[in-house]
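# Architecture and fold: a report
Below are the chains, spelled out letter by letter.
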Amino acid sequence: MELKYSAKDTYTLSIDEVLAIFQINIDIGLSKVEAEKRSKEYGLNVYISQKPKNPWLILLEQFKSPIVYLLIFGAVVSLFFKDNIEAAAILVVILVNAMIGFFMEMQARSSMKALKEMDIIKTKVLRDGKVQIIPAENLTLGDIVMLEAGDLIPGDGRLLVVNQLKCDESSLTGESLPTQKNTEKLPKDTVLGDLQNMVFKGSSVMNGTGKAIITSIAQHTELGKISSLVDQSTETASPLDKKLAVLSKTLIWVTLILTSIFAITGIIQGKDWVIIIKTSIVLAIAAFPEGLPIVSTVALANGMLLMAKRNAIVKKLSAVETLGSTNIILTDKTGTLTENKIYVETLAFPEENRKVSIESDTLVFKDGAIEKSHINFEKLRLVGALCNDASIKKVGIKDLIGDPIDIALIQFANASDLKTDEIKIQYERISEIPFSSETKIMGTLHKSKEGFLVAAKGSVEDLLVKCTKIQIGDNVKDLDEDARKGILDSSEKMAADGLRVLAFSNREGKDLNKNDFLNELVFLGMIGFLDPPRLDIKAAIHSCKDAGIKVVMITGDHPLTALNIAKKVGLVDENEQNFIIGKDLPPMQSFTKDWKKRILSTAIFARTTPQQKLEIAGVFQKAGNIVAMTGDGVNDTPALKKADVGIAMGLRGTQVAKETASIVLKDDSFKSIVAAVANGRAIFQNIRKFVVYLVSCNLSEIFIVTLLGFLAPAATLLPLQILFLNMVTDIFPALALGLGIGDKNVMKKPPIDAKKAIVDKKDWIKIGIYALIITFSVASAVIYCQEFITPDDKIANNVAFITLAFAQLFHVFNMSAFDSKVFINDITKNKYVWLAVVICTGFMVLVFVSPKMRLVLDLDILPTKIWMLAILASLFPLVLIQLYKIVLRNFYSKGIDLKGL
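Here we summarise the structure given alongside this text. (Residues numbered from 1 in each chain as written. Predicted model: local features only at pLDDT ≥ 70, side-chain atom pairs only at ≥ 80, totals over all residues. Heavy atoms only, no water.)

### Considerations on the nonpolar core
In this structure, M526, I663, F670, F690 and F801 are the most contacted members of the largest nonpolar core, which totals 154 residues. If we ignore the near neighbours within four places in the chain, the residues touching F801 are L717, Q721, F724, L725, M844, F848, L857 and L859. (Core = buried A, V, L, I, M, F, W, Y, C linked by side-chain atoms within 4.5 Å. Buried < 20%, exposed > 50% of the residue type's maximum accessible area, 1.4 Å probe, protein only. Contact = heavy atoms within 4.5 Å.)

### What about the packing of helix α18 (residues 537-546) against helix α24 (residues 670-711)?
Relative orientation of the contacting elements α18 and α24 amounts to 25°, with a least axis distance of 8 Å. By the angle between their axes, α18 is roughly parallel relative to α24. The two elements α18 and α24 cross, and the hand of that crossing is left-handed. The residues of α24 that touch α18, namely those facing I537, A540, I541, S543 and C544, are F670, K671 and V674. Of the residues in the contact of α18 with α24, the class split is six nonpolar, one polar and one charged. (Axes fitted to C-alpha atoms, helices over the stretch in contact; angles between N-to-C directions. Helix = DSSP H or I, 4+ residues; strand = E, 2+ residues; numbered from the N terminus. Parallel < 35°, antiparallel > 145°, perpendicular 65-115°, else oblique. Left-handed = near helix turned anticlockwise from the far one by under 90°. Nonpolar A, V, L, I, M, F, W, Y, C, P; charged D, E, K, R; others polar.)

### Focus on the packing of aromatic side chains
Across all of its chains, the model carries eight aromatic pairs by this definition. Centre to centre, the rings of Y784 and F788 are 4.8 Å apart; their planes meet at 40°, and the pair counts as tilted. With Y784 and F788 both in helix α27 (residues 761-789) and four residues apart, this pair spans about one turn of that helix. Assessed through its relative accessible area of 62%, F788 is described here as exposed. Measuring from centroid to centroid gives 5.1 Å for F813 and W834, while their planes differ by 50°, and the two rings are tilted. Residue F813 is located in the loop between α28 (793-811) and α29 (831-849), and its partner W834 is located in helix α29; the two are separated by 21 residues in the primary sequence. (Phe/Tyr/Trp six-rings, centres within 6.5 Å; stacked < 30°, edge-to-face > 60°.)

### Observations regarding the environment of D332
Assignment of secondary structure puts D332 in the loop between β9 (328-331) and β10 (343-350). When its relative accessible area of 1% is taken as the criterion, D332 is described as buried. As a C-alpha pair, D332 and F605 span 273 residues in sequence and 9.6 Å in three-dimensional space. Apart from the residues lying within four places of it in its own chain, the contact partners of D332 are L337, I554, T555, K613, T630, G631, D632 and D636.

### Focus on the pairing of strand β7 (residues 204-216)
Taking burial as the measure, the 13 residues of β7 include twelve buried ones, the bulk of the element. The pairing of strand β3 (residues 144-148) with β7 spans five bridges and is antiparallel. Along β7, the bridge assignment pairs E148 with T209. Sheet topology places strand β4 (residues 156-168) next to β7; ten bridges connect them, and they run antiparallel. When the bridges of β7 are listed, L159 appears paired with A212. (Pairing = 2+ DSSP bridges.)

### Section: the sheet that holds strand β24 (residues 627-631)
The eight strands are arranged β8-β26-β25-β24-β9-β21-β23-β22 in an open sheet whose pairing can be described as mixed. With one partner strand each, in any of the chains shown, β8 (312-314) and β22 (580-581) form the two edges of the open sheet. In the sheet, β8 pairs with strand β26 (residues 663-665) via three bridges, with the strands oriented antiparallel. Paired with I313 across the two strands is V664, which belongs to β26.

Just geometry here; none of it tells us what the structure is for.
In structure tokens form, the structure reads like this:
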């Protein structure tokens, strides 16, 4: 339904015009009848939360894989030939893989439910001339809401009355400092962050009181519009999904080519059609590593569990691996790089030469005491504590509420051993002049045993107008023009460092006018305030740089503040001055090559809108980057969904951000992101290892079936034998590889190339060599058996089965890093590899001991010499490949490159 008026219109209107449009009396509000009528017409005041996926849809998505499709086809063909056991075995493989992925994603969903906010928000409204408390969802257009410090604003509204009202809109605009509100109408093109006569759903009241008429609800609020942007954003397939799809297609072509060669050769030789078709099925089963979906799912699930232990909830399995390919992290500033709290950063005091000394050694106010002795410091902290409206709210523990600047000043005073509670009793406030956007000064008048004291703070330029004296040490001197200029120059220097600068002054006397005391003040000094970086950020960003990851700040905050924080956390160097302001960005459709180039080379974006964040993420993605987006605010959500990996903050993140992201950090630490990236890279390394292992094993099976089909057709491997190898003796070593700890130096290497296939050209060469060596050992064992031991085809088949089983099992030790030692390496140190060897050996013994298993797999009890032949032949690939690696390492040590061999 279309609403007649919205926040976009009403900020341009006067109070009387707005009241007339909504037909409201400011002292009465809506009547109960009219409120119910409007609620029916416009609906509830709730934005449409992103609908969770249907569990059945999550289950069906586990089957979306070319490998799964081919396995299903193989099962259908097996049923056609009445090979029910084969068909059942293949279907079990498919179902096991699907259930693992399904249960892991459902577990992530359960974890997210635990993070959801359960409180029902209530609000105070004026109806029928009385203030009532109602659920915020029952709010409707034209309702007049009463606002006070601590309230969460329930809808977008035009302010009617304000009294020192300040609102925290950081989750919507990215601005750290609260917005000072007023009731004056504004020009039509005023940007969101400057709408001082409006309040917005989801923001909160930090100070003062106010009265506002609700002009937009639900999806029509600014928060609701951003939710709509999230719905319009599209998710992209993960790099792993794309790479596995490419690998699957490659294996399909290999299968088709070899199957066609075998079928054509069989037709030429006059072989029976049934034999040709069944052998083709064997080749199809041999070509595909049936365990690959299971192993990759388990590897990702293991990474998912590890990340959960490290305070990261992963909502989608593929996001774990995608982090490993990430080379761009787009991060918000407020609350992500910074603490989203204001602290005193810098002090500035007048000196004897009337210049201003800027002291920046005061970054420990929140953690330890501060020691200062000179008179300016003593008087400045006293003024900061008295000219202050922060209050203590007891909710189990003492919490300061109010304007963040006031809270920072109280913390500053307390940290320097000034007991603010006692000071406020000692200096009774008898009058005050509240801060306003016109005067930009706040002043309070206090009475004590010594007499009267004026405490004032405000913008440097405006407060200097009220000052006639300057405190320099123990002396009070006239404030001349040179001193004024020095103070202003120093304040500009502090502001250029991204600080919010306030000046402080006082006046002492025996008899002062309660209504006019902000004159003839004594200038004391200045304080620079900052939303400081989180303590662990600098090291985390340094790790990102070492890992070849570019960190880009995208914030709605002031550009100089953003630049200052970027320098402090090591995002840019101290000489960096380059940043892009949102208002300078053209619309996305107008991006030229030069603009795109500039965006890609910029690390700081300030005063950006949610739409611009989305567009910036798109520019980086279209340039071929894998983008992770971090954030906690409503304004981050569209880009969180657009990014390859969206990472939301779990503690202070808005619910819409947590719902949109694919990873939620429980500790809100950027450091956890770096750990997650390292985990993703290690997982990709493991995936690559077991893919090379599985594909080389399966390629050897193709070669063996094809070769024996020509040399000894009756001794060739059977479909169930190959399926057993693929699902037992292959899958356990592959799982062990997937659970490896990975390279310790993984974050010292560049990101994984998202465009690069899991198995590249060099890997295919290795796979081919590995497969040929295994094929040679198996074929040699079969020929030797038939020539020198027995011509029995069934025994020859059993020799092929045993040799291949153990050759593949020992082949796992060939997956060690190229530059590692033969006996001490990442594979031999992997306890799961040794466990896999024991399990697979046990399965092989069980198969030959169990009559039923022997019958199913067409095996016989074999003499010792046959076992000796098979075991010795199975060791040949391990020995030869290790020798091959030693020779290659020797060549490389001499600077000889053998082109990928």
